[in-house]
Amino acid sequence: MSQTRRLAAILAADVAGYSRLMGVDEEGTLERLKALRRELLDPKIAVHNGRIVKTTGDGMLVEFASVVDAVRCAVSVQQAMPERNTGIAADSRIELRIGINLGDVIVEGEDLYGDGVNIAARIEALADPGGVFVSNTVHDHVRDRLPFIFEDLGEQQVKNIARPVRVYRVRDVRAAESTPAHSPPALALPDKPSIAVLPFQNMSGDPEQEYFADGMVEEIITALSRIRWLFVIARNSSFTYKGQAIDVKQVGRELGVRYVLEGSVRKAGSRVRITGQLIDAATSAHLWADRFDGLLQDVFDMQDQVASSVAGVIEPALQAAETARSAGRSTTDLTAYDLYLRGYAMVMSRSGQTPEALLLMEQAIARDPGYGPALAWAAFCCARLMIDGESQDLPGDRQKGIDFARRALKVAGDDPAIIANAAEALAYFGEDIGTMMTLVDRSLALNPNFARGWHVSANIRFWGGYPDTAIEHAGMALRLSPRARVGNTFFRIGAAHFVSRRFDKAVPNLLIAIEEDPSFLNPRRFLAACYAHMGRLDDARELVARLRAITRNVIPDASYLRNPEHRELFLSGLRLAMSEET
């Protein structure tokens with residue numbers, strides 16, 4: 001049979017929890033699925049000009065000539081599902097996962113093959129029940145044509161696909177066309193002055209310089225965080241407003257802060273201009289505005305001038321110039337700094353680009369062997385390669401990570417970020433856990449506003465066998481970064497409940513963790529183990545089946561869990577989830 005190729009939008013869908021539903025009521029589930037196809041799926045696909053390529057027991061593959069039609073169809077289906085599930089118990093509802101890709105496909109008769117199809121299936125495997133996930137090619141074609149919100153989940157490494165795939169979640173798919181989002185309740189103001197530094201606009205005219213503007217904001221946040229009387233929101237939450245039209249009062253309510261700092265950065269040749277304005281979030285009154293011009297080589301001093309000026313407005317009694325003197329600088333090599341910023345942007349994006357980020361950090365270190373932040377993040381990258389199962393040389397990456405972390409601690413001084421990141425890496429690599437707890441405690445003593453420091457402390461406490469303290473410290477991280485996580489904090493809370501055998505509390509936190517970062521596989525592993533110990537074997541086996549579609553390492557190295565009972569609870573749950581798994 002002859003083969004041809006064509007460009008097509010491919011929609012892959014399946015039923016979440018299919019094995020469990022069939023185990024509970026096989027005949028009833030089959031009848032409901034037939035009715036779902038007859039009454040909803042087939043009519044929606046026809047209306048949107050789709051062609052059903054093939055069906056399986058719990059899923060289907062659909063081809064569309066128009067990617068806009070494909071996304072509209074998916075959203076329309078998901079919006080209709082809640083009504084169909086009205087009055088049905090939560091554990092008996094039929095919920096769909098949908099993934100869409102636009103790509104080249106091989107046509108053979110009525111069937112389709114190739115990476116264009118495979119990527120759609122892999123994206124569907126990442127999707128939430130009731131959710132629609134799309135590839136970057138889909139997003140690029142429909143983002144300005146459809147009234148939906150697309151949440152960037154970063155680049156995902158999927159099984160049997162050579163290159164990472166950038167994935168987007170279509171947010172609020174059940175209400176994106178008709179129901180306005182509800183504002184979250186306002187957070188209470190802390191008992192001391194509080195501020196959020198929003199992403200600065202990149203005025204350079206070059207999108208490639210975005211990382212430089214983001215690095216500016218990071219440095220200003222770091223400088224402000226050193227002021228003990230000031231409550232500073234973490235970068236991760238501030239950056240959720242990036243690229244949005246800002247309502248300062250809304251930002252104040254959502255982040256629980258009194259002040260908001262906005263600004264812009266223009267980089268042209270060897271010259272840099274930073275502008276900033278400080279706004280009272282309660283009244284929208286502009287309290288301060290200024291512009292700082294200088295040469296690129298003076299950029300560190302300019303960052304400190306911004307931080308000092310803001311501090312001086314918020315607390316006139318403070319000798320704000322002390323901020324600049326106390327901040328210190330980890331490198332004077334601007335090329336090393338640029339390499340570091342590029343690598344740091346990759347780490348923060350959760351894009352699955354850990355090898356690339358590590359390479360950039362190593363290049364920065366080659367230029368400045370004593371560059372503390374680069375050393376600490378390089379150690380983190382080595383650990384993340386092992387956690388994600390991406391390491392090509394486990395002993396080598398472990399030793400390299402230990403070396404980076406130890407070198408970082410030698411030059412850390414009083415830098416809380418270097419101390420915390422190095423301590424986390426060393427704790428994961430098996431170094432003395434008590435010593436690492438002491439190090440992260442020192443980091444938090446130096447900067448109590450350090451959200452990532454609280455997250456790292458939660459990790460190390462969990463690894464050390466102190467789950468309740470881990471939950472407490474994770475809660476501190478969430479308050480300091482309420483809109484975006486400084487790590488997968490809900491995973492840490494869920495895993496801590498799991499090892500404490502509070503399975504009913506572990507499940508919702510682990511589900512949130514999976515939704516927040518589908519590329520991070522450990523929440524899926526812990527949830528599978530949790531379901532297995534709860535007796536929900538069909539759910540556990542379904543998770544294992546999805547893990548197999550993404551990674552070869554379903555059961556990871558768990559030696560970082562120092563408490564043998566905690567470690568065995570996790571591994572025995574995974575083994576149980578894999579038993580008789582088909």
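Right, let's walk through the structure included here. (Residues numbered from 1 in each chain as written. Predicted model: local features only at pLDDT ≥ 70, side-chain atom pairs only at ≥ 80, totals over all residues. Heavy atoms only, no water.)

Per the secondary structure count, the protein includes 23 helices and 14 strands. Computed over the C-alpha atoms, the radius of gyration of the protein is 25 Å, within 12% of the 25 Å expected from 2.2 N^0.38 for a compact globule of 582 residues. Each of the three principal axes of the protein carries a C-alpha extent, and together these read 75 × 55 × 50 Å. Each of the 582 residues in the protein was classed as buried or not, and the buried ones make up 56%. Counting contacts in the protein only where the partners sit at least 6 residues apart, residues at least 24 apart contribute 67% of the total. (Helix = DSSP H or I, 4+ residues; strand = E, 2+ residues; numbered from the N terminus. Rg over C-alpha atoms; globule rule 2.2 N^0.38 Å. Buried < 20%, exposed > 50% of the residue type's maximum accessible area, 1.4 Å probe, protein only. Contact = heavy atoms within 4.5 Å.)

Here we take up the nonpolar core. Ranked by internal contacts, the top residues of the largest apolar core, which has 132 residues, are I460, F498 and F526. It is helix α13 (residues 372–387) that provides the largest number of residues to this core, a total of 13 residues. Discounting residues that sit within four places of it in the chain, I460 has contacts with A423, E424, A427, I433, M436, M437 and V440. L96, I100, V132 and Y168 belong to the second largest nonpolar core, which has 38 residues in total. (Core = buried A, V, L, I, M, F, W, Y, C linked by side-chain atoms within 4.5 Å.)

What follows covers helix α15 (residues 416–428). If you check α15, its first and last C-alpha atoms are 18 Å apart, about what 13 residues at 1.5 Å a residue would give, namely 18 Å. Counting buried positions along α15 gives twelve out of 13 residues, so the element sits mostly inside the fold. Listed in full, the buried residues belonging to α15 are P416, I418, I419, A420, N421, A422, A423, E424, A425, L426, A427 and Y428. Those residues of α15 that are buried are in contact with α13, α14 (394–411), α16 (433–446) and α17 (451–464). By the N-cap criterion, in which a side-chain oxygen at the helix start approaches the backbone nitrogen of a residue two or three places on, α15 is capped by D415, the distance to A417 being 2.9 Å. One or two steps after α15, the chain reaches G430, where phi turns positive at roughly 100°. (Expected span 1.5 Å × (residues − 1). Polar contact = N/O pair within 3.5 Å; in protein donor to acceptor, adjacent residues only side chain to side chain.)

Here we come to the pairing of strand β2 (residues 50–55). Looking along a regular strand, one sees side chains alternate from face to face of the sheet. Pairing geometry for β2 and strand β3 (residues 59–64), over five bridges, is antiparallel. Looking at β3, one finds that G50 is bridged to F64. Between the end of β2 and the start of β3, which pair antiparallel, lie three residues. (Pairing = 2+ DSSP bridges.)

A few words on the pattern of salt bridges. Counted by the stated rule, this structure contains 30 salt bridges. Residues R291 and D293 are paired through a salt bridge, measuring 3.2 Å at the closest nitrogen-oxygen approach. The class of R291 is partly exposed, set by a relative accessible area of 48%. Its salt-bridge partner being K400, residue E362 comes within 3.1 Å of it at the nearest N-O pair. Residue E362 is located in helix α12 (residues 354–367), and its partner K400 is located in helix α14; the two are separated by 38 residues in the primary sequence. The exposure class assigned to E362 is partly exposed, which follows from its relative accessible area of 25%. (Salt bridge = Lys/Arg side-chain N within 4 Å of Asp/Glu carboxyl O.)

The residue N49 is not glycine, and still its phi comes out positive at about 65°. Within the fold, N49 resides in the loop between α2 (26–47) and β2. Its identity as a non-glycine residue notwithstanding, R501 has a phi of 65°, on the positive side. In this fold, R501 is placed in the loop between α19 (489–499) and α20 (503–516).

This brings us to the packing of α12 against α14. One can describe the packing of α12 onto α14 by two numbers: an axis separation of 13 Å at closest approach and a directional angle of 45°. The orientation of α12 with respect to α14, classified from their angle, is oblique. Note that α12 runs across α14; the crossing there is left-handed. Residue-level inspection shows L358, E362 and I365 of α12 in contact with α14, the latter providing K400, F404 and R407. (Axes fitted to C-alpha atoms, helices over the stretch in contact; angles between N-to-C directions. Parallel < 35°, antiparallel > 145°, perpendicular 65-115°, else oblique. Left-handed = near helix turned anticlockwise from the far one by under 90°.)

This part covers the packing of α17 against helix α18 (residues 467–480). At their nearest, the axes of α17 and α18 sit 8 Å apart, and the two run at 165° to each other. One way to sum up the angle between α17 and α18 is to call them roughly antiparallel. Judged by the twist between their axes, the crossing of α17 over α18 is left-handed. Each of A451, W454, H455, S457, A458, R461 and F462 in α17 lies in contact with α18, whose residues at this interface are T469, A470, H473, A474, M476, A477 and L480.

This part takes up the packing of aromatic side chains. Counted according to the given criterion, the structure contains 14 aromatic pairs. Note on Y340 and Y371: the rings are 5.4 Å apart at their centroids and 50° apart in plane angle, and the pair reads as tilted. Taken together, the positions of Y340 in helix α11 (residues 334–349) and Y371 in the loop between α12 and α13 put the pair 31 residues apart, joining distant regions of the chain. In this structure, Y340 and Y371 share a single accessibility class: buried. Cluster of aromatic residues (ring-pair linked, three or more members): F462, F491, F498, F503, F520, F526 and F570. (Phe/Tyr/Trp six-rings, centres within 6.5 Å; stacked < 30°, edge-to-face > 60°.)

Further remarks concern α18. Residues that lie three or four places apart on an α-helix share one face, since the helix turns once every 3.6 residues. For α18, which comprises 14 residues, the first-to-last C-alpha distance of 20 Å matches the rise-based estimate of 20 Å (1.5 Å per residue) to within 8%. Listing the buried residues of α18 in full gives P467, A470, I471, H473, A474, A477, L478 and L480. Close packing links the buried residues of α18 with β11 (231–232), α17, α19 and α23 (564–578).

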